[in-house]
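Close look at the chain arrangement
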Amino acid sequence: MEIEKKDIRALSKDELRAFFVSNGDKAFRGNQVYEWLWTKGAHSFEDMTNLSKATRMVLETNFVINHIKVDTMQRSEDGTVKNAVRLHDGLVVESVLIPTETRTTACVSSQVGCSLDCNFCATARLKRMRNLEPAEIYDQVIAIDKESRLYYNHPLSNIVFMGMGEPLMNYNNVLKAIEMITSPEGLGMSPKRIMVSTSGIPKMIKKLADDEVKFKLAVSLHSAIDSVRAKIMPFSANFPLKELREALEYWYRKTKSKISYEYVVWKGINDDKASIDALVKFCKYVPCKVNLIEYNPIDDGEFQQASEEAIAAYIIALQAIGVVVKVRRSRGKDIDAACGQLANKDA
């Protein structure tokens, strides 16, 4: 029976150097291979042209490069690009390039499917198959960076972890991927241009703070009333808002970094005065900004976009206490690339 080869990108630079030394070669070969894998994004050992054929054969015998493959790419009328990304085991995730006049943002996935059960989200209806490896997350970013250069003539400017999955349920791999994205040996992107969006897992938010991460944090809040939030996001019943608030206060004490709240307003669910007052109160605990997100229906169910009047009432109330609030109009709706729509319909 053939032994399954390890993905070489799971090795650190020191481990690669040690591998070559143990095979009677020089340690610097490890540096060369590491550069091919991360800086140059090699898809195969054959690409590593400054290595001898014998060295490439040794790598071929011991390792694989489990590179992603962009199966299908769709371009929206508004310029948004959606990639269906096939992984080495045949599973598929989706990632999105969102362009504006001044920048391009990659929205990347961290899990195949999702661990959570938000009722308004198409991704949550998919069973969580597995966590993505750091290299699989990194590859999504590299693919979108290439598309940004090709279609918009400049490198990728920002990354948001708002694709498929809950990033904090794949904590170690997400942080390793970000380490490579921000490393000079990887993409060299500033961590301040990266935002990790979580549905709000208090223990893991505190861990982020303890690990002194430099990227930004967003929380999918959608209601500051426990009973309403539990209807929208049933798993949140395990994480009361009091615990979430304490975790966010801890985050701010440690990082001095503002929180972004992602908030969708739905008709008949959280478009009333009580919901607005609760959010206003919640926003006073920690310096924050609020993104009011346009809802993208995934069926004809109970979740329907609230009226413009309801959105305006939120804006007025939040601005009255000095909170910066933006209304995010969805991009890529015509190709199911907008928030909450990633669901591998064609996989």
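Residues numbered from 1 in each chain as written. Predicted model: local features only at pLDDT ≥ 70, side-chain atom pairs only at ≥ 80, totals over all residues. Heavy atoms only, no water.

The cut-off we apply is this: UniProt positions are given in the numbering used here, feature names are shortened, and annotations may be inferred rather than shown by experiment.
As named in an unreviewed UniProt entry, the protein chain is Probable dual-specificity RNA methyltransferase RlmN, taken from Flavobacterium succinicans. Quoted straight from UniProt, the Sequence similarities (unreviewed entry) entry for the protein chain says "Belongs to the radical SAM superfamily. RlmN family." The Subcellular location (unreviewed entry) field of the UniProt record for the protein chain holds the comment "Cytoplasm".

**Quick word on the sheet that holds strand β9 (residues 158-161)**
Applicable threshold: Strand pairing is assigned whenever DSSP detects at least two bridges linking the two strands. Runs of E in the DSSP output that reach at least two residues are strands. Runs of H or I that reach at least four are helices, and both are numbered from the N terminus. Every axis corresponds to a line fitted to the C-alpha atoms, with the helix fit spanning only the stretch in contact, and the corresponding angles, defined between N-to-C directions, vary from 0 to 180 degrees. Should any heavy atoms of two residues lie within 4.5 Å, those residues are considered in contact.
Taken in spatial order, the 10 strands of this open sheet run β3-β4-β5-β6-β9-β10-β11-β12-β13-β14, and their pairing is mixed. Edge strands, defined here as strands with exactly one partner in the open sheet, are β3 (69-75) and β14 (324-328). Averaged over all neighbouring strand pairs, the angle between strand axes comes to 20 degrees, with direction disregarded. Where strand β10 (residues 194-198) lies against strand β11 (residues 216-220), four bridges are found, and the strand directions are parallel. Bridging from a neighbouring strand, S197 pairs with A218 of β11. Against the sheet, helix α10 (residues 308-320) makes contact with β12 (259-264), β13 (288-293) and β14, and its axis sits at roughly 160 degrees relative to β14, the strand it touches most.

**Details of the UniProt feature "active site" (unreviewed entry) in the protein chain**
So the rule is basically this: Note on exposure labels: buried denotes an accessible area under 20% of the residue type's maximum, exposed denotes more than 50%, and partly exposed covers the range between, all computed with a 1.4 Å probe on protein chains only.
If you check UniProt for "active site" (unreviewed entry), the listed places come out as E94 and C339 in our numbering. Secondary-structure assignment places E94 in strand β5 (residues 92-99). You can call E94 buried: its relative accessible area is 4%.

**Some details on the packing of aromatic side chains**
For the record, the criterion: Centres within 6.5 Å make a pair out of two Phe, Tyr or Trp rings, where for Trp the six-membered ring is used; the pair is then stacked when the planes are under 30 degrees apart, edge-to-face when over 60, and tilted otherwise. By definition here, charges over rings are those cases where NZ of Lys or CZ of Arg is within 6 Å of the ring centre and within 35 degrees of the ring normal.
By the definition in use, this model includes nine aromatic pairs. Ring plane angle 65 degrees and centroid distance 6.2 Å describe the contact between F235 and F239, whose orientation is recorded as edge-to-face. Residue class for F235 comes out buried when judged on its relative accessible area of 7%. Seen from their ring centres, Y263 and Y314 are 5.2 Å apart, and the 55 degrees between their planes marks the pair as tilted. Of this pair, Y263 sits in strand β12 while Y314 sits in helix α10, and the two are 51 residues apart along the sequence. The two residues Y263 and Y314 agree in class, both being buried. Site record: aromatic cluster; members linked through ring pairs are F19, F20 and F63. In this arrangement the basic side chain of R75 is found over the ring face of Y151, its NZ or CZ atom lying 4.0 Å from the centre. The side chain of R245 reaches across the aromatic face of Y285, ending 4.2 Å from its centre.

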